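Results of the structural survey
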Amino acid sequence: EAGVAQSPRYKIIEKRQSVAFWCNPISGHATLYWYQQILGQGPKLLIQFQNNGVVDDSQLPKDRFSAERLKGVDSTLKIQPAKLEDSAVYLCASSLDRRGGGYEQYFGPGTRLTVT
Amino acid sequence: GENVEQHPSTLSVQEGDSAVIKCTYSDSASNYFPWYKQELGKRPQLIIDIRSNVGEKKDQRIAVTLNKTAKHFSLHITETQPEDSAVYFCAASPRYNAGNMLTFGGGTRLMVKP
């Protein structure tokens, strides 16, 4: 099966600019996650969707970050305006989550964001 | 919320030796514990996971043990090979009906010397 797709793979912007990332999960996966991975650290969950509804966004800096999954499939994550500390790899993951199984989260290749 | 501590941050072993990575978690409600391997510049990939209703799980050269009373779990890699060199992350999650909210540890960089 095709994996989780993300674009772009790399992005360089100046601080205070805006940026958007796109994710297409594995077909049929109901749950979609966005993580931020700062160099040398583990991924940190930003937001979790179940179909097109938000399950958890408690760690999303809502003053500058937003995310949507309008049709329950693709998702976009936006940062506006960007700060230097937003430099990180943004990982999208998806999971099947069916009764009795489907726990595994499959990660996309990530988008490496550099804010200068 | 959940807090996951992982040790050591770096681990160097000789090829053929065993490697052990340990994690502790804080939330007693957590009941799903996956381990991910991340090679340089690549995406994290699940290598093994364990649920709280079992104490140990093994898959070829890798095994995970869980002690719910002490709130710690460990990854064991036997007969290490150079291709095992990567960063390993543990994670913990309470199993909600709508997906897993994973909290990751800080990672262990494993280096296997030939």
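The following paragraphs examine the structure supplied in this document.

Cut-offs applied
- Residues numbered from 1 in each chain as written.
- Chains lettered and ligands numbered in written order.
- Predicted model: local features only at pLDDT ≥ 70, side-chain atom pairs only at ≥ 80, totals over all residues.
- Heavy atoms only, no water.
- Helix = DSSP H or I, 4+ residues; strand = E, 2+ residues; numbered from the N terminus.
- Rg over C-alpha atoms; globule rule 2.2 N^0.38 Å.
- Buried < 20%, exposed > 50% of the residue type's maximum accessible area, 1.4 Å probe, protein only.
- Contact = heavy atoms within 4.5 Å.
- Lys, Arg positive; Asp, Glu negative; His and termini not counted.
- Charge placed at Lys NZ, Arg CZ, Asp CG, Glu CD.
- Polar contact = N/O pair within 3.5 Å; in protein donor to acceptor, adjacent residues only side chain to side chain.

1. A few points about the overall build of chain A
A tally of regular secondary structure across chain A gives zero helices and 11 strands. Ordering the α and β elements of chain A from the N terminus gives β-β-β-β-β-β-β-β-β-β-β. By the compact-globule yardstick of 13 Å for 116 residues, chain A fits well, its C-alpha radius of gyration being 14 Å. Summarising its shape, the C-alpha atoms of chain A cover approximately 45 × 25 × 25 Å along the three principal directions. A burial count over chain A gives 47% of its 116 residues as buried. Taking the intrachain contacts of chain A between residues at least 6 apart in sequence as the baseline, contacts between residues at least 24 apart amount to 53%. Each charge sign in chain A was given a centre, from 14 positive and 11 negative side chains, and these centres are 3 Å apart.

2. Thoughts on the side chain of Ser93(B)
All names here are of chain B. Position of serine 93 among the secondary structure elements: in the loop between β9 (86-92) and β10 (103-104). Judged by relative accessible area, serine 93 falls into the buried class, the value being 0%. At a separation of 3.3 Å, a polar atom in the side chain of serine 93 contacts the main-chain amide nitrogen of methionine 101. Those residues in contact with serine 93 that lie beyond four places of it in its chain are Ser30, Asn31, Tyr32, Asn100, Met101 and Leu102.

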